[in-house]
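Reading the structure
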Amino acid sequence: MIPEEWEKIKTYSLHDADDPLSLFDLMIPSFFYFCQSIPKTLQQVVSGASGSQVDSFMKRSYLQMGHSLPEASPPVAYEGAISYGNAGIYNHVNKVDVASLYPSIILQYEIYNRSKDPRAHFLKMVQIFTEERLKNKRLAKETGERRYKDLEQSQKIIINSAYGFMGAPGLLFNSPVHAAEVTRHGREILQAGIDWVNSRGYRIVNVDTDSFSYTTGTQVDDFDVHIEEINSLFPEKIRWENDGQYPKMIVVKAKNYIMYDGKKIKIK
């Protein structure tokens, strides 16, 4: 083999080995902190589905009380979220989304299976990890310390897995009926936001699960006032937030769009 080519192969192999190590260093801390709450090994947490990890959390909470465990509920077909895009090119687009929509719905409407979970451990789990996440998110911003960011990310895994856990098949504490209740509230919340847009004579650009984009046709300088108006329609734990204003947005179809914020392009 030509010496120069051999050097290229060795250099490539070194980089090929370093890349996964760098990814490991970047991603593993949140899984490590996750292990502090879930009765599974780090390997099981990394390689397993988050729904089964939440189920193991629930199992342990009841077994520690000497309580019996329920049977898994059979799968149930139910309607999901609203998602569509009005294809076109738009100017002066405003985008809003609900912070942690499904966990917020679970807490606001106290959605959990009262038969399987008589002590409401699932609800308490979502509440505690939501509060801890907000605290660590604030500390990460205030201190710049990575450990708070990693803690916040591990808590985010649990919070964002709550809805999926309820709808997943084969898990002892699953509850597809209540998963359907979550998506029903989600559709109602999103529809109320869409109705607000239509009532003002604005135009809906894009809608996707927990967010919507709209345009008034001109630049909106009082976007915060719009958000306050929207939030006045909803209960305490359902909060719409500023997800950006975009001078230009191209919508291809549902879940496929391009946004330009004046500095950079974002593609979904």
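Residues numbered from 1 in each chain as written. Predicted model: local features only at pLDDT ≥ 70, side-chain atom pairs only at ≥ 80, totals over all residues. Heavy atoms only, no water.

1. A look at the overall build of the protein chain
When helices and strands are counted, the protein chain shows 8 helices and 7 strands. Its C-alpha atoms put the protein chain at 70 × 55 × 40 Å along the principal axes. By sequence separation, contacts in the protein chain at least 24 residues apart represent 64% of the contacts at least 6 residues apart. When the accessible surface of the protein chain is totalled, it reaches about 14900 Å², and 54% of it is carbon and sulfur. (Helix = DSSP H or I, 4+ residues; strand = E, 2+ residues; numbered from the N terminus. Contact = heavy atoms within 4.5 Å. Areas by Shrake-Rupley, 256 points an atom, 1.4 Å probe, with all protein chains shown as cover.)

2. Section: the sheet that holds strand β7 (residues 265-267)
Within the open sheet, the 7 strands sit side by side as β1-β3-β4-β2-β5-β6-β7. Their pairing is antiparallel. At either margin of the open sheet sits one strand with a lone partner, and together these are β1 (83-85) and β7. On average, each strand axis in the sheet is inclined to that of its neighbour by 35°, with strand direction left out of account. Pairing geometry for strand β6 (residues 256-260) and β7, over 3 bridges, is antiparallel. Counterpart to I258 in the pairing with β7 is I267. Running over the sheet, helix α8 (residues 223-231) touches β2 (88-98), β4 (211-215) and β5 (240-253) and is turned about 105° from β5. (Pairing = 2+ DSSP bridges. Axes fitted to C-alpha atoms, helices over the stretch in contact; angles between N-to-C directions.)

3. Quick notes on the packing of aromatic side chains
The full count for this structure, using the stated rule, is 12 aromatic pairs. Pairing Y62 with F173 gives two aromatic rings, centres 5.5 Å apart and planes at 20°, and the pair type is stacked. Taken together, the positions of Y62 in helix α3 (residues 50-63) and F173 in the loop between α6 (146-167) and α7 (176-199) put the pair 111 residues apart, joining distant regions of the chain. Both residues of the pair, Y62 and F173, count as buried. Note on Y102 and Y163: the rings are 4.6 Å apart at their centroids and 55° apart in plane angle, and the pair reads as tilted. Highlighted residues: Y102 in helix α4 (residues 101-108) and Y163 in helix α6, separated in sequence by 61 residues. For the pair Y102 and Y163, one class covers both residues: buried. A connected cluster of aromatic rings, assembled from ring pairs, spans W196, Y202, F212, Y214, F223, F234 and W240. (Phe/Tyr/Trp six-rings, centres within 6.5 Å; stacked < 30°, edge-to-face > 60°. Buried < 20%, exposed > 50% of the residue type's maximum accessible area, 1.4 Å probe, protein only.)

4. Section: the nonpolar core
Formed by 50 residues in total, the largest nonpolar core has its most connected members in F122, F212 and W240. No other element matches the 7 residues that α7 contributes to this core. Residues within four places of F122 in sequence aside, it is in contact with M58, I106, I111, Y112, D117, A162, F165 and M166. Core analysis: the second largest hydrophobic core is formed by 8 residues, V93, Y246, M249 and M259 among them. (Core = buried A, V, L, I, M, F, W, Y, C linked by side-chain atoms within 4.5 Å.)

5. Observations regarding the pattern of salt bridges
For the structure on display, the rule yields 15 salt bridges. Residues D55 and K59 are paired through a salt bridge, measuring 3.7 Å at the closest nitrogen-oxygen approach. Remark: K59 and D55 occur in helix α3; sequence separation between them is 4 residues, near one turn of the helix. Given a relative accessible area of 2%, D55 falls into the buried group. Its salt-bridge partner being E142, residue R138 comes within 3.4 Å of it at the nearest N-O pair. A residue pair is termed a helical-turn pair when its members lie 3 or 4 positions apart in one helix, as R138 and E142 do in helix α5 (residues 121-143) at 4 residues. A single network of salt bridges, built from pairs that share partners, joins R133, K149 and E152. (Salt bridge = Lys/Arg side-chain N within 4 Å of Asp/Glu carboxyl O.)

6. Side note on a negative patch on the surface
On the surface, D221, D222, D224 and E228 cluster together to form a negatively charged patch. Relative accessible area serves as the criterion here: at 70%, D221 is assigned to the exposed category. (Patch = residues over 30% accessible without salt bridge, like charges linked within 9 Å, V, L, I, M, F, W, Y side chains within 5 Å. Lys, Arg positive; Asp, Glu negative; His and termini not counted. Charge placed at Lys NZ, Arg CZ, Asp CG, Glu CD.)

7. A word on the environment of G193
Positionally, G193 belongs in helix α7. As a C-alpha pair, G193 and F212 span 19 residues in sequence and 7.8 Å in three-dimensional space. Apart from the residues lying within four places of it in its own chain, the contact partners of G193 are F212 and F234.

By themselves, these are just geometric observations and shouldn't be taken as functional.
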